[in-house]
Amino acid sequence: MDLIQMFSYPFMQRALIAGVLVSLCAALLGVSLVLKRYSMIGDGLSHVSFGALAIAVALGMTPLYFSIPVVVLAAFFLLRMASHPHWNSDAAIAVMSASSLAIGIIVISRTTGMTTDVDNYMFGSVLSMSKADVALSVVLCAAVLVLFILFYHKLFAVTFDESFSRATGLKVERYNTLLAILTALTIVLGMRMMGAMLISSLVIFPALTAMRLFKSFRSVVVCSAVTSVTCFCAGLTASFVLSTPVGASVVAANLGLFLLSCLAAALRKR
């Protein structure tokens, strides 16, 4: 009865549609990001998105439409910084993450203060998803999925051996940029529900869980996608039944499944 009641609310229907799509995109991209040691790129880009949100609210602009180009641009520069000989990926992400968060906090403190809308972006809110947000999520997530499928083999090659891929004539920088841009879109779309503080979990947890259970890239990608969607649905349901925040509930579901996968992997080794 609770489930029937849950899906009778339009805001829950919107959250389910957008959440499943974002979770699927995040899981597919997360496998490559984790293997390339870019696990925290989601965290860095979410902080960039928060800074962009603060500026958009201060200027009276629509946050989502303002954040998307800013975060995509940040992803491009982040990739350039990470490939620079005097930087590494962790340092580049840390610099951009801290700087964006600081800018966002300063702008908010000088303008609106911590309003409900800003709080929703920080920690997520299932009630904040509008029909326009869902429509934009469907279009952009469909684009992410199509591009991932089209360039699956190229992304696979770049993920495992950049040097060999470059030697064979593959435009490595182009596909690294594509991966960063797709990740940026996914992060911005997921912030509405998960919040800037928790959105990176959608990128990291499903990939780590799948890697404990499978070895081949394709199997890990499929398992990661199934895990992510399952955990989101479980977290959304738990959030409705227990009246807990959606983002935290989804992370808890991912954590639980990750711990079970670690246990399964340990038992299999014995």
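Look up a bit, the structure's there.
Within every chain, residues take consecutive numbers counted from 1 along the sequence as written. Per-residue local features of the predicted model are confined to residues with pLDDT of at least 70, and side-chain atom pairs are confined, for both listing and counting, to 80 or more; whole-chain, interface and lining totals are unaffected and use all residues. Hydrogens and water are ignored here; the side-chain numbers use all heavy atoms of the structure.

1. Focus on helix α7 (residues 131-150)
Reasoning step 1: Counting from the N terminus, the helices are the DSSP runs of H or I reaching at least four residues and the strands are the DSSP runs of E reaching at least two. Helices are assigned an expected span. That span is 1.5 Å times one less than the residue count. Under the 1.5 Å per step criterion, the end-to-end length of α7 is 29 Å for 20 residues, consistent within 8% with the ideal 28 Å.
Reasoning step 2: Buried, partly exposed and exposed residues are distinguished by accessible area as a fraction of the type maximum, computed with a 1.4 Å probe on protein chains only: under 20%, between the cut-offs, and over 50%, respectively. Of all the positions in α7, only D133, V134, L136, S137, L140, C141, V144, L145 and F148 are classed as buried. Each buried residue of α7 lies within a common arc of 160 degrees when the element is viewed along its axis, so the set occupies one face. Within α7, the exposed residues directed more than 90 degrees away from the buried face are K131, V139, I149 and L150. Within this analysis, the arc is defined by the directions that extend from the helix axis to the C-beta atoms.

2. Quick word on the nonpolar core
Reasoning step 1: In these notes, a set of buried Ala, Val, Leu, Ile, Met, Phe, Trp, Tyr and Cys residues joined through side-chain atoms within 4.5 Å is what counts as a nonpolar core. The biggest cluster of nonpolar side chains holds 77 residues, and the ones touching the most others in it are V31, I41, L45, L78, F148, L202 and L236.
Reasoning step 2: Element by element, the count of residues in this core is highest for helix α10 (residues 172-194), at 14 residues.
Reasoning step 3: Those residues within four positions of L78 in sequence are excluded, and the remaining contacts are I41, L45, A92, I93 and M96. What makes two residues a contact is simply this: any of their non-hydrogen atoms within 4.5 Å.

3. Quick word on helix α11 (residues 200-213)
Reasoning step 1: In terms of burial, α11 is largely enclosed, as eleven of its 14 residues are buried.
Reasoning step 2: Check the buried side of α11 and you find it contacts α2 (10-35), α3 (41-59), α10, α12 (217-242) and α13 (246-269).

4. Here we look at the pattern of salt bridges
Reasoning step 1: Counted as salt bridges are all cases of a side-chain nitrogen of Lys or Arg within 4 Å of a carboxyl oxygen of Asp or Glu. This model, assessed by the stated rule, comprises one salt bridge.
Reasoning step 2: A salt bridge links R166 to E173, with the shortest nitrogen-to-oxygen separation between them at 3.0 Å.
Reasoning step 3: By relative accessible area, E173 is classed as partly exposed at 39%.

5. Topic: the side chain of H47
Reasoning step 1: By the secondary structure assignment, H47 is in helix α3.
Reasoning step 2: Residue classification places H47 among the buried residues on the basis of a relative accessible area of 9%.
Reasoning step 3: When residues no more than four places from it in sequence are discounted, the contact partners of H47 are S97, S100, L101, A196 and M197.

6. Regarding the packing of aromatic side chains
Reasoning step 1: Planes of paired rings set the category: under 30 degrees apart is stacked, over 60 is edge-to-face and the rest tilted, where pairs are Phe, Tyr or Trp rings (Trp by its six-membered ring) whose centres lie within 6.5 Å. Enumeration over the complete set of coordinates arrives at six aromatic pairs.
Reasoning step 2: Judged by centre distance (6.1 Å) and plane angle (70 degrees), the ring pair of F148 and Y152 falls under edge-to-face. In this pair, the class of F148 matches that of Y152, namely buried.
Reasoning step 3: Here the aromatic residues F148, Y152, F156 and F217 are joined through ring pairs into a cluster of three or more.

7. Some details on the environment of L198
Reasoning step 1: Relative to the helices and strands, L198 is located in the loop between α10 and α11.
Reasoning step 2: The class for L198 is partly exposed, based on a relative accessible area of 26%.
Reasoning step 3: Along the sequence, L198 and S49 sit 149 residues apart, while their C-alpha atoms lie 13 Å from each other.
Reasoning step 4: Excluding residues that lie within four positions of it along the chain, L198 makes contacts with G247, A248 and V251.

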